[in-house]
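Below are the chains, spelled out letter by letter.
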Amino acid sequence: MKDKIKYVLLSEEEIDSITDFLAEKITDDYKNSDKKLVLVCLLKGSIVFTGELMKKISLPLEVEAMKVSSYGAGTVSSGAVSIQLDLMRDDLDKIDLLIVEDIVDSGITLSKICEHLKGKGAKSVKTCALLDKPDRRVVDFEPDYRGKIIPDEFVVGFGLDYNEEYRNLPFIGVLKPEVYGEGAVNS
Ligand code: PRP
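Heads up: these notes are all about the structure in this document. Not measured: the values here are computed from a predicted model.

Each value, and the rule that gives it
- Residues numbered from 1 in each chain as written.
- Predicted model: local features only at pLDDT ≥ 70, side-chain atom pairs only at ≥ 80, totals over all residues.
- Heavy atoms only, no water.
- Helix = DSSP H or I, 4+ residues; strand = E, 2+ residues; numbered from the N terminus.
- Rg over C-alpha atoms; globule rule 2.2 N^0.38 Å.
- Buried < 20%, exposed > 50% of the residue type's maximum accessible area, 1.4 Å probe, protein only.
- Contact = heavy atoms within 4.5 Å.
- Areas by Shrake-Rupley, 256 points an atom, 1.4 Å probe, with all protein chains shown as cover.
- Lys, Arg positive; Asp, Glu negative; His and termini not counted.
- Charge placed at Lys NZ, Arg CZ, Asp CG, Glu CD.
- Arc of directions from axis to C-beta.
- Pairing = 2+ DSSP bridges.
- Axes fitted to C-alpha atoms, helices over the stretch in contact; angles between N-to-C directions.

### Quick notes on the overall build of the chain
Then comes step 1: Looking only at helices and strands, the chain features 4 helices and 9 strands.
Then comes step 2: For the chain, the α and β elements follow one another from N to C terminus as β-α-β-α-β-β-β-α-β-β-β-β-α.
Then comes step 3: In terms of C-alpha radius of gyration, the chain reaches 16 Å, essentially the compact-globule figure of 16 Å for 187 residues.
Then comes step 4: Burial status across the chain gives 48% buried among its 187 residues.
Then comes step 5: In the chain, 66% of the contacts between residues at least 6 apart in sequence involve partners at least 24 apart.
Then comes step 6: Accessible area for the chain stands at about 9100 Å²; split by element, carbon and sulfur atoms hold 48% of it.
Then comes step 7: Averaged over its 25 positive side-chain charges, the chain has a centre that lies 2 Å from the centre of its 34 negative ones.

### Brief notes about helix H2 (residues 47-56)
Then comes step 1: Within the span of H2, buried status applies to Phe49, Thr50 and Leu53. All buried residues of H2 lie within an arc of 95° about the axis, which places them on one face of the element.
Then comes step 2: Taken together, the buried residues of H2 touch helix H1 (12-30), strand E2 (36-43), strand E3 (61-69), strand E5 (95-104) and strand E6 (124-132).

### Some points on the sheet that holds strand E4 (residues 82-85)
Then comes step 1: Pairing in this open sheet of 6 strands is mixed, and the strands run E4-E3-E2-E5-E6-E7 from one edge to the other. Looking at which strands have only one partner, the edges of the open sheet turn out to be E4 and strand E7 (145-149). Neighbouring strand axes in the sheet, compared pairwise and without regard to direction, differ in orientation by 30° on average.
Then comes step 2: Taken together, the 3 bridges between E3 and E4 define a ladder with antiparallel strand orientation. The residue of E4 that forms the bridge with Lys67 is Leu85.
Then comes step 3: Against the sheet, H1 contacts E2, E5, E6 and E7, and its axis sits at roughly 160° relative to E7.

### As for the environment of Phe158
Then comes step 1: Examined against the element boundaries, Phe158 turns out to sit in the loop between strand E8 (155-156) and strand E9 (172-175).
Then comes step 2: With a relative accessible area of 8%, Phe158 lands in the buried category.
Then comes step 3: Residues Phe158 and Phe171, spaced 13 residues apart in sequence, show a C-alpha to C-alpha distance of 5.7 Å.
Then comes step 4: Non-local contacts of Phe158, meaning those with residues more than four positions away in its chain, are made with Ile15, Gly45, Val48, Phe49, Glu52, Leu130, Tyr166, Arg167, Leu169, Pro170, Phe171 and Ile172.

Structural data, given as structure tokens:
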């Protein structure tokens, strides 16, 4: 698996310090809130990041999961987000929702999810993304918490996949172009 990696973009140590920084900021920002903090892990890419981040947030919290798909079977964003697993709670107006995402690319996924949750009655919705590729943005969206801006390269590891593989790499690496071919995006 590692022989398919062109170079390591973020080492385990670098990811660790980024998650430390984000968790400290989140803890500080939410410590005086009178609402319960609920992290929403966006499956599947955010599984690893959510697990690491939640361990470092020093507040009572709950964790939920949502699954959306923005690309279907293709490699280019269709612009349509289909919700495959929705957030099933009846207290959306009484909790602080923090959506945890591995990567923001076009921005479509997070902007649609925020819109969807607010439409269901959520009063407090913020987003936390480990990686951000602003060069690929097609909608006006900025995460509230951002780990690292990265160049427009195909990255895998720490939850991110190519064809469902590589999610278990402990670092984030740039995939060799010959593995994915031209035109593919992180999906
Ligand atoms: C990937 C990634 C983000 C989204 C980002 O998810 O994990 O959720 O795309 O892209 P966007 O900013 O262009 O919307 P994907 O739908 O591939 O599912 P996965 O998390 O299961 O890999």
